[in-house]
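# Per-entry structural report
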Amino acid sequence: MYTVADLKKGLKITLDGDPYIVIAFDFTKPGKGQALYRTKMRNMINGTILDRTYRSGETFEPASLEDRKMQFLYKEDDHYVFMDNQTFEQYRMSEDAVGDSKNYLIDNLPVDVLLFRDKAIGVDLPNFVNLRVTETSPWAKGDTSGSDSKPATVETGYVLRVPPFIEEGELIVIDTRNGEYSTRVKG
Amino acid sequence: MNVNWTLARRRPLLVARAQIIQAIRQFFIQEGFLEVETPLRIPAPAPEAHIDAIPSDGWFLNTSPELCMKRLLAAGYERLFQICHCWRGNERGRKHLPEFTMLEWYRADADYTRLMTDCENLLTALAAACGLNDDLQVQGREVRLAKPWQRLTVAEAFARFSDSSVDAALASDRFDEIMTDAIEPMLGIGQPTFLYNYPSERGALARLHGADQSVAERFELYIGGIELANGFSELTDAIEQRRRFEQEEQYRRSSGRIPYPEANKFLAELPAMPPAAGIALGVDRLVMVMLDAAEIDAVVAFTPEDL
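Residues numbered from 1 in each chain as written. Chains lettered and ligands numbered in written order. Predicted model: local features only at pLDDT ≥ 70, side-chain atom pairs only at ≥ 80, totals over all residues. Heavy atoms only, no water.

### Points about the packing of helix 5 (residues 154-161) of chain B against helix 7 (residues 175-183) of chain B
Residues and elements named next belong to chain B. Relative to each other, helix 5 and helix 7 sit at 60°, their axes nearing to 11 Å. What the angle tells us is that helix 5 and helix 7 run oblique. Considering how the two elements wind past one another, helix 5 and helix 7 form a crossing that is left-handed. Facing Val154, Ala157, Phe158 and Phe161 of helix 5, the residues of helix 7 in contact are Phe175, Ile178, Met179, Ala182 and Ile183. Residues of the contact of helix 5 with helix 7, tallied by class, amount to nine nonpolar, no polar and no charged. (Axes fitted to C-alpha atoms, helices over the stretch in contact; angles between N-to-C directions. Helix = DSSP H or I, 4+ residues; strand = E, 2+ residues; numbered from the N terminus. Parallel < 35°, antiparallel > 145°, perpendicular 65-115°, else oblique. Left-handed = near helix turned anticlockwise from the far one by under 90°. Contact = heavy atoms within 4.5 Å. Nonpolar A, V, L, I, M, F, W, Y, C, P; charged D, E, K, R; others polar.)

### Quick word on the pairing of strand 5 (residues 79-87) of chain B
Residue and element names in this part refer to chain B. Within strand 5, seven of the nine residues are buried, which leaves the element mostly enclosed by the surrounding structure. Bridge analysis of strand 1 (residues 34-35) against strand 5 gives two bridges, and the strand direction is parallel. Across the sheet, the residue bridging to glutamate 35 is phenylalanine 81, located in strand 5. Where strand 5 meets strand 6 (residues 99-108), nine bridges bridge the pair, whose relative direction is antiparallel. The residue bridging isoleucine 83 from the neighbouring strand is leucine 103, located in strand 6. (Buried < 20%, exposed > 50% of the residue type's maximum accessible area, 1.4 Å probe, protein only. Pairing = 2+ DSSP bridges.)

### Quick look at the domain arrangement of chain A
All names here are of chain A. Per the domain assignment, the segments making up chain A are domain 1 (2-62), domain 2 (65-124) and domain 3 (128-184). On the domain 2 side, the residues contacting the six residues of domain 1 number seven residues. For the pair domain 1 and domain 2, the two sides together bury roughly 540 Å², of which 66% comes from carbon and sulfur. Summed over the three residues of domain 1 that lose the most area to domain 2, namely Lys12, Met44 and Ile45, the buried surface amounts to 64% of that side. In this structure, lysine 12 engages aspartate 124 in a salt bridge whose closest nitrogen and oxygen atoms are separated by 3.2 Å. Seen at the junction of domain 1 and domain 2, the total is one residue pair in polar contact (both at pLDDT 80 or more). Classifying every residue of the side of domain 1 that touches domain 2 by side-chain character gives three nonpolar, one polar and two charged. (Domains from an automatic or database assignment. Buried area = accessible area lost by both parts, 1.4 Å probe. Salt bridge = Lys/Arg side-chain N within 4 Å of Asp/Glu carboxyl O. Polar contact = N/O pair within 3.5 Å; in protein donor to acceptor, adjacent residues only side chain to side chain.)

### Some details on the nonpolar core
One recurring pattern in soluble globular proteins is that nonpolar side chains are buried together. Among the nonpolar cores identified, the biggest contains 51 residues, and Phe28, Leu103, Trp105, Leu122 and Leu286 of chain B are the most heavily contacted of them. Per element, the largest residue contribution to this core is eight residues, and it comes from helix 4 (residues 112-129) of chain B. When near neighbours in sequence (up to four residues on either side) are disregarded, tryptophan 105 of chain B contacts Phe28, Phe33, Leu80, Phe81, Leu115, Asp118, Cys119, Leu122, Ala277, Gly278, Ile279 and Leu281 of chain B. Ranked by size, the runner-up nonpolar core spans 30 residues in total, among them Ala97, Tyr104, Leu109 and Tyr158 of chain A. (Core = buried A, V, L, I, M, F, W, Y, C linked by side-chain atoms within 4.5 Å.)

This is the structure we're talking about:
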């Protein structure tokens with residue numbers, strides 16, 4: 001059982017029997033008034049988007065989903081193909097269902113695939129993934145401020161801000177929870 | 001060497017934040033205020049229906065330095081300010097941190113209208129001290145600081161921005177929802193807004209209005225749709241204050257919250273307090289507004305999630 005305090009982006013709950021994932025969340029509270037928890041949720045089966053506002057004291061059932069250890073194999077047209085590590089069975093998932101996770105999917109990446117009635121409907125990534133920088137501008141020498149950043153493209157096509165000293169070809173660690181650069185992989 | 005780059009990247013905002021806080025100090029010292037530090041861990045917070053103090057070894061982390069500051073007023077200190085950390089349980093969002101920085105100031109022999117003037121003067125002084133001009137950009141919208149700022153009663157705001165009256169909203173328990181959905185986003189656009197004269201039940205420590213007892217002499221300051229400060233003419237009637245505390249505490253307990261002991265030293269000293277006005281301003285949000293940051297996380301060194 002979840003309470004309003006558990007609400008955050010990525011939380012999966014059951015609503016009217018269907019699994020929903022919270023895709024946007026904000027806590028608001030007008031001066032001295034009561035807390036309101038605003039959520040935007042996506043139905044994980046049919047993609048319908050809902051706006052719901054909750055108040056303190058409300059509770060939620062977790063979504064009844066099965067978690068399977070899989071790895072990402074390849075992309076085929078607009079579908080992503082994963083393989084169950086135990087049964088070697090393959091599952092296809094639409095680009096919509098994969099969502100922002102596609103920014104981090106490289107061949108053989110270990111992931112948790114969420115099954116609802118044996119249909120793959122979502123993917124849980126490791127918190128950190130290593131991706132190679134394929135394109136970024138060179139470091140302007142002499143800049144040691146440490147606080148500047150520049151855009152970089154990684155092998156999946158995802159673009160993010162990185163520190164100025166990162167060069168093309170380097171392997172960097174990205175936090176998949178917020179999509180931000182975390183550190184670089186040495187050697 | 002593994003530099004925490006997220007932290008390093010916050011430098012320009014943290015430098016500007018420090019400048020703003022130094023300028024706040026300078027402003028109040030020039031205005032003849034005494035800076036005080038009151039304990040952050042206290043035995044009995046002021047009971048308020050929707051604010052939760054965090055327990056700390058039998059006592060509580062303060063949700064505001066209000067009660068201690070008023071005891072100082074009652075002891076004869078006339079102009080006081082404090083910049084301190086406050087804690088409010090279960091508050092985390094784009095504009096909320098459970099631990100945040102508060103500026104409070106109190107004036108003896110003044111009412112809430114004097115505090116509105118203070119706000120106008122303070123922000124004008126801060127903008128000048130920090131090299132900003134009088135036109136702030138707040139998330140794509142211009143806010144001019146030229147005085148006087150807009151003053152709008154709660155009743156006027158409901159009439160202008162919602163399809164409900166204040167009374168109907170209170171009766172159907174939709175006051176807070178209408179406030180956040182329909183009213184707040186319209187306030188402090190073009191120029192800062194003082195929203196004032198709140199329904200009497202929305203000001204547990206505020207004095208009722210002299211001419212209209214259905215409202216309290218309480219106001220909130222908004223800039224760019226963001227609530228920055230809450231001020232009021234202080235209630236000095238100890239009997240009435242005790243009654244309101246009991247009412248708020250009863251609500252808290254009936255909704256399963258941790259009971260607070262009675263703030264009996266405050267209540268005992270309250271009769272000695274002169275007519276006064278006091279205000280609490282969220283420093284993190286002030287920095288957000290002045291530096292045009294989209295969320296509170298951007299203007300603090302560490303969020304709870306960073307620890």
